[in-house]
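As a plain string of letters, each chain reads:
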Amino acid sequence: MHADPTPVINTSRLGKNFGRTAALAGLDLSVMPGEVHGFLGPNGAGKSTTLRILLGLIRPTSGTARVFGIDPWAEPVRAHRDVAYVPGDVTLWPNLTGGEVIDLIAGLRGGADEGLRRQLIDEFDFDPRKKARTYSRGNRQKAALIAAFSRPAMLYLLDEPSSGLDPVMDAVFRRHIRRVAANGATVLLSSHILAEVEQLCDRVTIIRAGAAVESGTLAELRHLTRTRFRVTSAVKPEVMATWRGIHDLRVNGTAMEFDADAADLGYVLDALATAGITGITAAPPSLEELFMRHYGVQAGGQAGGQAGRQASHKSQAQ
């Protein structure tokens, strides 16, 4: 990561209303030079609205947004001179070939590096000779990614960029994210694919209802939730349930599963050692668990509309 402390992207109390609907409600977001920053939230949380403001496509209702210290609405050309953008739902010019589309988009930033362009076309298994109207969603996504990656940029704004890609192509996408990051570029990766963010990102901002609810490194965010244990032991469940820091104890066959607060891990491990155990596994909380906690549901569940939002507000107030 660069030593320059000035953020590449900085928003302060950013708000955007569409009529009576508040898409953003005081968003604070800071992305530092050289980092891959995950921007997490479900559909409707305000991720795409934020990126459209950063791209100078829409004007904020309140607050400020800066890209390289420049207001993208007031000075869009200057702000976006070295920015590459990939939307999540790509629409192409139907009568152009894929190769012509790549050259047109890359040409807006000065033209593609020909060697890199050929490498990307090969790695993404993309046929540039076909007309864009014949492409599947995945192939339209590939065209946009090849155009973005075929000329180096200082900042990549990626809005659900791997949607429509199969697992093999997603691996290619991740490889090129790591490549541009290793070359010193900054990446803002908007996604709801939590495993992708977990693998790629240095820092994460979780957005809910148009405002940031958590921001930090994955290690920092993991301190805010619990570690999951699975143990086999002679100790009775009703005894274990009285231990400090134990939550959601459940018996699963011959094993017991529970969650433990980070602050009480030492106590729990000492208690387990004293009680005697024949098997133990412990897993740090996943990014999915961190994310879903803000919607009042467990990982793998579904937010229950207004009830889920109310549960989330309640959990944050406690």
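Computed from a predicted model, the values in this text were never measured in an experiment.

### Concerning the sheet that holds strand β2 (residues 21-31)
Taken in spatial order, the three strands make up an open sheet running β2-β1-β4, and their pairing is antiparallel. Two strands in the sheet have a free side with no partner beyond their single neighbour: β2 and β4 (62-67). If you compare each strand with its neighbour and ignore which way they point, the axes differ by 25 degrees on average. Strand direction decides the pairing type here: strand β1 (residues 9-18) and β4, joined by five bridges, are antiparallel. In the strand pairing of β4, threonine 11 is matched with alanine 65.

### Some words on the environment of aspartate 248
Here aspartate 248 is to be found in strand β11 (residues 246-252). Taking the C-alpha atoms as reference points, aspartate 248 and valine 77, 171 residues apart in sequence, are found 54 Å from one another. Non-local contacts of aspartate 248, meaning those with residues more than four positions away in its chain, are made with Arg226, Glu257, Phe258 and Asp259.

### Points about helix α5 (residues 137-149)
With 13 residues, α5 should reach 18 Å at 1.5 Å per residue; the first-to-last C-alpha distance of 18 Å fits that figure. Within the span of α5, buried status applies to Gly138, Gln141, Lys142, Ala143, Ala144, Leu145, Ile146, Ala147, Ala148 and Phe149.

### Overview of the confidence of the model for the protein
Fine structural detail should not be taken from predicted coordinates in areas where pLDDT scores are low. Confidence in the prediction for the protein averages 87 pLDDT; 90% of positions are at 70 or higher. The element-level mean pLDDT for the protein is lowest in helix α12 (residues 305-317), coming to 37, with β4 highest at 97. Taken as a whole, residues 297-318 scores under 50 in pLDDT and shows 25 contacts with residues more than four places along the chain or in a different chain.

### What about the packing of aromatic side chains?
In the structure shown here, the tally under the stated rule is four aromatic pairs. Residues phenylalanine 149 and phenylalanine 173 carry aromatic rings whose centres are separated by 6.4 Å and whose planes lie at 40 degrees to one another, so their mutual orientation is tilted. Of the two residues, phenylalanine 149 sits in helix α5 while phenylalanine 173 sits in helix α6 (residues 167-182), which places them 24 residues apart along the sequence. A relative accessible area of 0% means that phenylalanine 173 is categorised as buried. Grouping aromatic residues by their ring pairs yields a cluster made of Phe149, Tyr156 and Phe173. We note lysine 16 situated over the ring of phenylalanine 18; from NZ or CZ to the ring centre the distance is 5.3 Å.

### Digging into the environment of glutamate 100
Looking at the secondary structure, you find glutamate 100 in helix α3 (residues 98-107). A relative accessible area of 40% places glutamate 100 in the partly exposed class. Distance in space between the C-alpha atoms of glutamate 100 and leucine 24 is 36 Å, their sequence separation being 76 residues.

### Focus on the nonpolar core
By size, the foremost hydrophobic cluster in this structure holds 46 residues, and its most contacted members are Phe124, Tyr156 and Phe173. With seven residues, the single largest contributor to this core is α5. Beyond its immediate sequence surroundings of up to four residues, tyrosine 156 is in contact with Ala84, Ala148, Phe149, Arg151, Val180, Ala185, Thr186, Val187 and Leu188. Val8, Phe39, Val67 and Ile207 belong to the second largest nonpolar core, which has 21 residues in total.

### Details of the packing of α5 against α6
At a minimum axis separation of 12 Å, α5 and α6 run at an interaxial angle of 15 degrees. In terms of orientation, α5 and α6 fall into the roughly parallel class. The chirality of how α5 crosses α6 is left-handed. Here Lys142, Leu145 and Phe149 of α5 come into contact with α6, specifically with Met169, Phe173, His176, Ile177, Arg179 and Val180. Classifying every residue of the contact of α5 with α6 by side-chain character gives six nonpolar, one polar and two charged.

### Overview of a nonpolar patch on the surface
A cluster of nonpolar side chains, Leu269, Ile277 and Ile280, forms an exposed patch at the surface whose accessible area comes to about 230 Å². For isoleucine 280, the position within the fold is in strand β13 (residues 277-283).

Thresholds applied
Residues numbered from 1 in each chain as written. Predicted model: local features only at pLDDT ≥ 70, side-chain atom pairs only at ≥ 80, totals over all residues. Heavy atoms only, no water. Pairing = 2+ DSSP bridges. Helix = DSSP H or I, 4+ residues; strand = E, 2+ residues; numbered from the N terminus. Axes fitted to C-alpha atoms, helices over the stretch in contact; angles between N-to-C directions. Contact = heavy atoms within 4.5 Å. Expected span 1.5 Å × (residues − 1). Buried < 20%, exposed > 50% of the residue type's maximum accessible area, 1.4 Å probe, protein only. pLDDT = per-residue confidence, 0-100. Phe/Tyr/Trp six-rings, centres within 6.5 Å; stacked < 30°, edge-to-face > 60°. Lys NZ or Arg CZ within 6 Å of the ring centre and 35° of its normal. Core = buried A, V, L, I, M, F, W, Y, C linked by side-chain atoms within 4.5 Å. Parallel < 35°, antiparallel > 145°, perpendicular 65-115°, else oblique. Left-handed = near helix turned anticlockwise from the far one by under 90°. Nonpolar A, V, L, I, M, F, W, Y, C, P; charged D, E, K, R; others polar. Patch = residues over 30% accessible without salt bridge, like charges linked within 9 Å, V, L, I, M, F, W, Y side chains within 5 Å. Areas by Shrake-Rupley, 256 points an atom, 1.4 Å probe, with all protein chains shown as cover. Salt bridge = Lys/Arg side-chain N within 4 Å of Asp/Glu carboxyl O.

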